[in-house]
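Structural overview for review
Okay, here's what each chain looks like letter by letter:
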Amino acid sequence: MERTNVWKGYTKKQLKELEELNLGYRKFLDAGKTERECVKESIRLAEEAGYKSLHKVIAKGKKLKEGDKVYAVCMKKTLVLFQIGKKPLEEGMAILGAHIDSPRLDIKQNPLYEDTELAYLDTHYYGGIKKYQWVTIPLAVHGVVVKKDGKTVEVNIGEDKHDPVFCITDLLVHLSGEKMEKKAAKVIEGEELDLLVGSIPLKEEEKEGVKKNILRLLKEKYEMEEEDFISAELEVVPAGQARESGLDASMILAYGQDDRVCAYTSLMAMLEVNDTQRTTCCLLVDKEEVGSVGATGMKSLFFENMVAELLEACGQYSDIALRRCLAASRMLSSDVSAAYDPTFAASYEKKNAAYFGRGMVFNKFTGSRGKSGSNDANAEYMAAIRQMLDKHKVAYQTAELGKVDVGGGGTIAYIMALYGMEVIDSGVAVLNMHAPWELTSKADVYETKKGYVAFLLEA
């Protein structure tokens, strides 16, 4: 079953739409390099489209009706949007669910130290990374510092052209003979991923003058004491903007496209679609890269609680109505897939790989080896999806994540499937997945957004 390259069939109008969507996508990536930033930018876009806070609606005692648009936030890191449809909620929703966390380095709670008149911040990597990819590249620090009095200071160093950037050092090749003999997983150890942040000592200080100078600068710019690291969430990410890639500018090179490419296309579809039969939902969650744990991960009760609040605000709540709503819902678990890379062809099974420029990707199942840890969508649901996409002329392909015994991965699909709803993984094919800089095809971004629109209208 060959899929053609979609670039060959685009009209001038479609190419214009494609470029406009991808320009907005690049801006979204630049505005949201952390989960907090993604939520903030998504709320801004949602409010521009007429969405209102669900909690404010509830506080005012208002009842929701068909066409109303609301959102709710969990700890500034997870976001859910709803648009009330014609049918009762008990008949289920059409749900798009993506994650907005990405692999990165987190600054520890007691991070600042000095060694031989160089100051460093100690880090702990988050998610699955190849540690050697993070050395010697320009890095930025994003996040928040929360003072004891509750005041929150936002930090963003390394993105403005006038900002300094940071890096993690590596051993010069001339002295690396022994190091180069190590396996790739060990050539850079986790505890070696320390961020170099300064080298000028305070003149009057005899001991740890560089560290004290860094603390002075933090105090001047952020009113930050060393103890404030305890209540800070600071993330180290690649510095720089999302860029077009290739002589033909057909691709996007950027940090965090797993899974913000699916988050953005899901959000744009949600904001575009109106007048639907089912209530529509866009869910953007945190913590997928570390197992969907914690209060802001998919395994928390946040989503279920918000659906209960929604039912109550619509005058439809009961425990059985909540259970029926969740079980009758249909979901696209919006997550990326591995694009076929001919450089590493041995890791892929070509007939069942995703390819750049061939549209939206569906993974009937994920998991690893014998489908361990997977959600496996049923054939009836896959047939319904095919019908929706063909009706709306969406280019799509199916894939697996590499050869059967080579590796694998998971998404939030299996968690949502626990409610008994129909779920399948779908999204954009990515090259360099989990690297500091990932690649996507503009055409696939465009087709995926079209696919999400089709799903919300037809599910």
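Here the structure is a predicted model, which means the values were calculated and not measured. (Residues numbered from 1 in each chain as written. Predicted model: local features only at pLDDT ≥ 70, side-chain atom pairs only at ≥ 80, totals over all residues. Heavy atoms only, no water.)

**So, the overall build of the protein chain**
A count of helical and extended segments in the protein chain gives eleven helices and 22 strands. For 459 residues, the compact-globule estimate of 2.2 N^0.38 gives 23 Å, and the C-alpha radius of gyration of the protein chain, at 23 Å, lies within 12% of that figure. Each principal axis of the C-alpha atoms in the protein chain carries an extent, and together these give about 75 × 55 × 45 Å. The burial tally for the protein chain puts 54% of its 459 residues in the buried class. A separation of at least 24 residues holds for 77% of the contacts in the protein chain among residues at least 6 apart in sequence. Here the protein chain has roughly 21,400 Å² of accessible surface; of this, 53% comes from carbon and sulfur atoms. The protein chain carries 62 positive and 71 negative side-chain charges, and their two centres are separated by 5 Å. (Helix = DSSP H or I, 4+ residues; strand = E, 2+ residues; numbered from the N terminus. Rg over C-alpha atoms; globule rule 2.2 N^0.38 Å. Buried < 20%, exposed > 50% of the residue type's maximum accessible area, 1.4 Å probe, protein only. Contact = heavy atoms within 4.5 Å. Areas by Shrake-Rupley, 256 points an atom, 1.4 Å probe, with all protein chains shown as cover. Lys, Arg positive; Asp, Glu negative; His and termini not counted. Charge placed at Lys NZ, Arg CZ, Asp CG, Glu CD.)

**Some details on the environment of Lys40**
With respect to the helices and strands, Lys40 occurs in helix α2 (residues 35–48). What makes Lys40 exposed here is its relative accessible area of 54%. Separated by 36 residues in the primary sequence, Lys40 and Lys76 have C-alpha atoms spaced 7.6 Å apart.

**Brief notes about the nonpolar core**
Core analysis: the biggest nonpolar cluster contains 61 residues, and Leu81, Leu332, Phe362, Ile385 and Phe455 have the highest contact counts within it. Considering every element that reaches this core, the biggest residue donor is helix α6 (residues 257–272), with nine residues. Ignoring anything within four residues of it in the chain, the contact list for Phe362 reads Leu332, Met382, Ile385, Leu389, Tyr396, Gln397, Thr398, Ala399, Ile424, Asp425 and Ser426. Membership of the second largest hydrophobic core comes to 36 residues, among which are Leu112, Ala119, Val197 and Val237. (Core = buried A, V, L, I, M, F, W, Y, C linked by side-chain atoms within 4.5 Å.)

**As for the side chain of Asn375**
Mapped onto the secondary structure, Asn375 falls in the loop between β17 (367–368) and α9 (379–391). Once residues lying within four places of it in the same chain are set aside, the contact partners of Asn375 are Lys364, Phe365, Thr366, Ala413, Tyr414, Ala417, Val423 and Ile424.

**Some points on the sheet that holds strand β14 (residues 330–334)**
Strands sit in the order β1-β2-β3-β13-β4-β14-β20-β16-β18 across an open sheet of nine strands; the sheet is mixed. Edge strands, defined here as strands with exactly one partner in the open sheet, are β1 (52–53) and β18 (396–398). Alignment of β1 against strand β2 (residues 69–74), held across two bridges, turns out to be parallel. Directly across from Ser53, in β2, lies its bridge partner Tyr71. In the packing of α2 onto the sheet, contacts are made with β2, β3 (78–83) and β13 (279–285), and the angle to β3 comes to roughly 20 degrees. The strands touched by helix α7 (residues 302–313) within the sheet are β2, β3, β4 (93–99) and β13, with β3 carrying the most contacts at an inclination of about 30 degrees. (Pairing = 2+ DSSP bridges. Axes fitted to C-alpha atoms, helices over the stretch in contact; angles between N-to-C directions.)

The analysis is restricted to geometry; functional conclusions fall outside its scope.
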